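# Coordinates in review
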Amino acid sequence: MAPVNVSKICCIGAGYVGGPTCAVIALKCPHITVTIVDLNQARIDAWNSPDFKLPIYEPGLVEVVKQARGRNLFFSSDVDRGIQEADLIFVSVNTPTKKSGVGAGFAADLNYVELATRRIAAVAHSSKIVVEKSTVPCRTAESMRTILEANSRPGCRFDILSNPEFLAEGTAIKDLFAPDRVLIGSLQTPEGRDACAALTAVYANWVPTEKILTVGLWSSELSKLAANAMLAQRISSINALSAICEATGANIDEVAHAVGFDSRIGPKFLRASVGFGGSCFQKDILNLVYLAESLHLPQVAAYWRTVVDMNEHQKSRFSKTVVDTLFNTITGKHIAVLGFAFKADTGDTRESPAISLVRDFLSERAYVTIYDPQVEESQIWLDLAEACPLVPLETIKKQVTIAPSALDACKNKEAIVIATEWKEFKEIDWSSVYTHMNKPAFVFDGRMIVDADALRAIGFKVKVIGRGERV
Ligand SMILES: NC(=O)c1ccc[n+]([C@@H]2O[C@H](COP(=O)([O-])OP(=O)(O)OC[C@H]3O[C@@H](n4cnc5c(N)ncnc54)[C@H](O)[C@@H]3O)[C@@H](O)[C@H]2O)c1
Ligand SMILES: O=c1ccn([C@@H]2O[C@H](COP(=O)(O)OP(=O)(O)O[C@H]3O[C@H](CO)[C@@H](O)[C@H](O)[C@H]3O)[C@@H](O)[C@H]2O)c(=O)[nH]1
């Protein structure tokens, strides 16, 4: 069988991964028709909105969608039709951590992957290449293959590929235009290799072929979990060192610079912070922990578990620093939290460290004012309600205000906590902020973005993560 010449792609799941990834494929492959489908009608409507108010904020995304939408890029809630018309289908649905049942709190919830797979089997009239784009535990492709083969119509064959996505939010378009690598896993059979060649040919429209790595299915699935675990491990390592810096007077920036200068270690991903967030790191490490436990490798599971434990410690350590520095009580005090997204240049708040900080401040009965340039107000309320399940939302709303700008958020406050590294927080008119704050005025920089000396010269008391100077 010769490799399929892919002319129609369907992507199931119009989220943070499916949307940008397949929009870029459409842009770079004008000869391929790309249809992104989702059960969530509101999301599809937003992708189709005439004024390009897309459901996710990602720099450069609107420009990509403007060029391709209506040409060879389509968004639809007709999942069945999308499946039926495509030669190649990406499964890019959510795989959150299970909330109940076996493996709750660790294992990936594969229900969405399974439902999408069953739908493909139920409605496909012709052979398909099915590509696992979601992040999944090792050997999920085998379950998908079993479901597809058990339910396929005569004459329909399904070849499964694993093609995990490595984009980071906030730089998704840049990452997709020039990825470090594209990873494709396939069965090492003639059919598996042909399917792999078909997907390779799609990416080869803009990705240099030496960056397209082809491996076995299980290696591909595990490499995604491994990459995230190792990236998160670097952050937990540098954050663990930031605690030592604060206790000794060393400076974590200088330590990271010195350590990262070693070409074997390298300088990236060594920025100490209030903790890592995002929908992936914690979920994928817990998934790896669960996998190791299921394979009867408790020491391996415990090893990776510490990466998440250290992250939890970093968040609570930072909250405690705020309380300790504000004379051991923040009850009744007013705190501005600048940034609510889990990192800059995204409106995504999943696992954002800001949520933990605000929850901690509320439990100390402080008043909190939040400002974020991209996060929707409704999302903040949803996140806080979920973080404080025992507190009625009305009570939360008595303690929390959402401000329209950073300057507004900081007025008449005792302290400012920087939780997200938005560029605009570097450029605030700090003198004006200082004038309108209660004194002594404190700044707690959880992202190492302010010029602490300049702020001290204005009069602020400043604490920066990973620096031992006294306020
Ligand atoms: N967010 C990231 O930066 C990122 C990066 C790399 C990999 N991943 C992985 O990619 C996957 C998707 O992540 P995401 O952030 O895009 O999730 P998301 O929640 O933003 O999007 C998933 C979408 O799939 C839709 N969906 C679920 N089941 C469906 C079904 N049966 N039919 C049609 N639509 C369905 C949902 O309605 C939702 O819109 C996850 O496995 C995640 O771990 C995410
Ligand atoms: O030196 C650093 C780098 C990052 N972070 C934090 O780590 C979290 C994750 O950041 P980042 O990795 O940039 O964003 P994600 O969108 O979560 O991307 C990660 O997770 C994705 C989902 O699996 C992968 O595809 C990406 O390769 C991987 O970087 C954020 O809270 C960052 O603020 C730090 O604290 N210090």
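None of these values were measured; they are calculated from a predicted model. (Residues numbered from 1 in each chain as written. Chains lettered and ligands numbered in written order. Predicted model: local features only at pLDDT ≥ 70, side-chain atom pairs only at ≥ 80, totals over all residues. Heavy atoms only, no water.)

### Regarding the overall build of the protein chain
When you go through the protein chain residue by residue, the secondary structure sums to 18 helices and 14 strands. At 24 Å, the protein chain has a C-alpha radius of gyration in line with the 23 Å of a compact globule built from 471 residues. Its C-alpha atoms give the protein chain principal-axis dimensions of roughly 75 × 50 × 45 Å. Across the 471 residues of the protein chain, 52% fall into the buried class. Across the protein chain, every contact between residues at least 6 apart in sequence was considered, and the portion connecting residues at least 24 apart equals 75%. Seen as two clouds, the 50 positive and the 53 negative side-chain charges of the protein chain have centres 1 Å apart. (Helix = DSSP H or I, 4+ residues; strand = E, 2+ residues; numbered from the N terminus. Rg over C-alpha atoms; globule rule 2.2 N^0.38 Å. Buried < 20%, exposed > 50% of the residue type's maximum accessible area, 1.4 Å probe, protein only. Contact = heavy atoms within 4.5 Å. Lys, Arg positive; Asp, Glu negative; His and termini not counted. Charge placed at Lys NZ, Arg CZ, Asp CG, Glu CD.)

### Topic: the site of ligand 2
Around ligand 2 lies a shell of 21 residues, among which Phe166, Leu167, Ser273, Cys280 and Arg447 are the nearest. Between Asn228 and ligand 2, the recorded distance is 2.7 Å, taken from a side-chain N or O atom to an oxygen atom. Within the side chain of Lys343, one N or O atom sits 2.8 Å away from an oxygen atom of ligand 2. For ligand 2, whose free accessible area comes to 690 Å², the fraction covered by protein is 90%. Where the shell around ligand 2 is concerned, the elements lending two or more residues are helix 9 (217-248) and helix 11 (281-294). With four residues, helix 9 is the largest single contributor of residues to the shell around ligand 2. Residues belonging to the shell around ligand 2 are distributed by class as follows: 11 nonpolar, three polar and seven charged. Residues from two domains meet in the shell around ligand 2; each of domain 1 (8-207) and domain 2 (308-464) gives at least three. (Near = heavy atom within 4 Å. Polar contact = N/O pair within 3.5 Å; in protein donor to acceptor, adjacent residues only side chain to side chain. Areas by Shrake-Rupley, 256 points an atom, 1.4 Å probe, with all protein chains shown as cover. Nonpolar A, V, L, I, M, F, W, Y, C, P; charged D, E, K, R; others polar. Domains from an automatic or database assignment.)

### A word on the site of ligand 1
Around ligand 1, the structure places 25 residues, and the nearest of them are Asp38, Arg43, Thr95, Glu169 and Lys283. Between ligand 1 and Asp38 there is a distance of 2.6 Å, counted from an oxygen atom to a side-chain nitrogen or oxygen. Separating a nitrogen atom of ligand 1 from a backbone N or O atom of Leu39 is a distance of 3.5 Å. Within the complex, 91% of the 830 Å² of free accessible area of ligand 1 lies under protein.

### Topic: the packing of aromatic side chains
Two numbers describe a pair of aromatic rings. These are the distance of the centres and the angle of the planes. The final tally for this structure, using the stated rule, is 10 aromatic pairs. For the pair Phe269 and Phe281, a centre-to-centre distance of 6.2 Å together with 70° between the ring planes defines the contact as edge-to-face. Within this pair, whereas Phe269 is found in the loop between helix 10 (252-260) and helix 11, its partner Phe281 is found in helix 11, the two being separated by 12 residues in sequence. Judged by its relative accessible area of 40%, Phe269 falls in the partly exposed class. In this structure Phe281 comes out as buried when scored by relative accessible area, which is 12%. (Phe/Tyr/Trp six-rings, centres within 6.5 Å; stacked < 30°, edge-to-face > 60°.)

### Quick notes on the UniProt feature "domain: UDP-glucose/GDP-mannose dehydrogenase C-terminal" (unreviewed entry) in the protein chain
In this numbering, the UniProt entry assigns the feature "domain: UDP-glucose/GDP-mannose dehydrogenase C-terminal" (unreviewed entry) to residues 336-452. Taken end to end, residues 336-452 comprises 35% helix and 16% strand; its first and last C-alpha atoms sit 18 Å apart. (UniProt positions renumbered as here; feature names shortened; annotations may be inferred.)

### Points about the domain arrangement of the protein chain
As far as domains go, the protein chain holds domain 1 (8-207) and domain 2 (308-464). If you average the C-alpha positions of domain 1 and of domain 2, the two centres end up 36 Å apart. Domain 1 puts eight residues into the contact, and the matching count from domain 2 is 11 residues. Interface area for domain 1 against domain 2, summed over the two sides, is near 670 Å², with a carbon-plus-sulfur share of 45%. When the buried area of domain 1 at its contact with domain 2 is split by residue, Tyr16, Tyr57 and Glu169 rank highest and sum to 76% of it. Our count for the domain 1 to domain 2 interface comes out at one salt bridge. One can count three residue pairs in polar contact (both at pLDDT 80 or more) joining domain 1 with domain 2. Its residues placed into classes, the side of domain 1 that touches domain 2 shows four nonpolar, one polar and three charged. (Buried area = accessible area lost by both parts, 1.4 Å probe. Salt bridge = Lys/Arg side-chain N within 4 Å of Asp/Glu carboxyl O.)

### As for the confidence of the model for the protein chain
Of all residues in the protein chain, 99% have pLDDT values of 70 or greater, and the mean over the chain is 96. Predicted complex, confidence summary: ipTM 0.98, pTM 0.96. (pLDDT = per-residue confidence, 0-100.)

### Focus: helix 3 (residues 61-68)
Here helix 3 has its buried residues at Leu61, Val64, Val65 and Ala68. Burial along helix 3 is one-sided: seen end-on, the buried residues are contained in an arc of 95°. For helix 3, the exposed residues lying more than 90 degrees away from the buried face are Lys66 and Gln67. Among the structural elements, helix 1 (18-28), helix 2 (41-47), strand 3 (73-76) and helix 7 (172-177) are those in contact with the buried residues of helix 3. (Arc of directions from axis to C-beta.)

### Quick look at the environment of Lys174
Its place among the elements puts Lys174 in helix 7. When the C-alpha atoms of Lys174 and Lys128 are compared, they prove to be 29 Å apart, with 46 residues separating the residues in sequence.

### So, the pairing of strand 7 (residues 182-186)
Along strand 7, five of the five residues are buried, which leaves the element largely enclosed by surrounding structure. On strand 7, burial covers both faces: Val182, Ile184 and Ser186 on one face and Leu183 and Gly185 on the other are all buried. Here five bridges tie strand 7 to strand 8 (residues 212-216), and the two strands are oriented parallel to one another. Paired with Gly185 across the strands is Val215, a residue of strand 8. (Pairing = 2+ DSSP bridges.)

### Some words on the side chain of Ser186
With respect to the secondary-structure elements, Ser186 resides in strand 7. Not counting residues within four places of it along the chain, the set of residues in contact with Ser186 comprises Ile160, Leu161, Gly192, Arg193, Cys196, Val215, Gly216 and Leu217.

### Observations regarding the nonpolar core
Counting 64 residues, the largest nonpolar core has Ile335, Phe361, Ile416 and Trp430 as the members making the most contacts within it. With six residues, helix 13 (residues 353-363) is the largest single contributor of residues to this core. Ala26, Leu88, Ala195 and Cys196 belong to the second-largest nonpolar core, a separate cluster that totals 46 residues. (Core = buried A, V, L, I, M, F, W, Y, C linked by side-chain atoms within 4.5 Å.)

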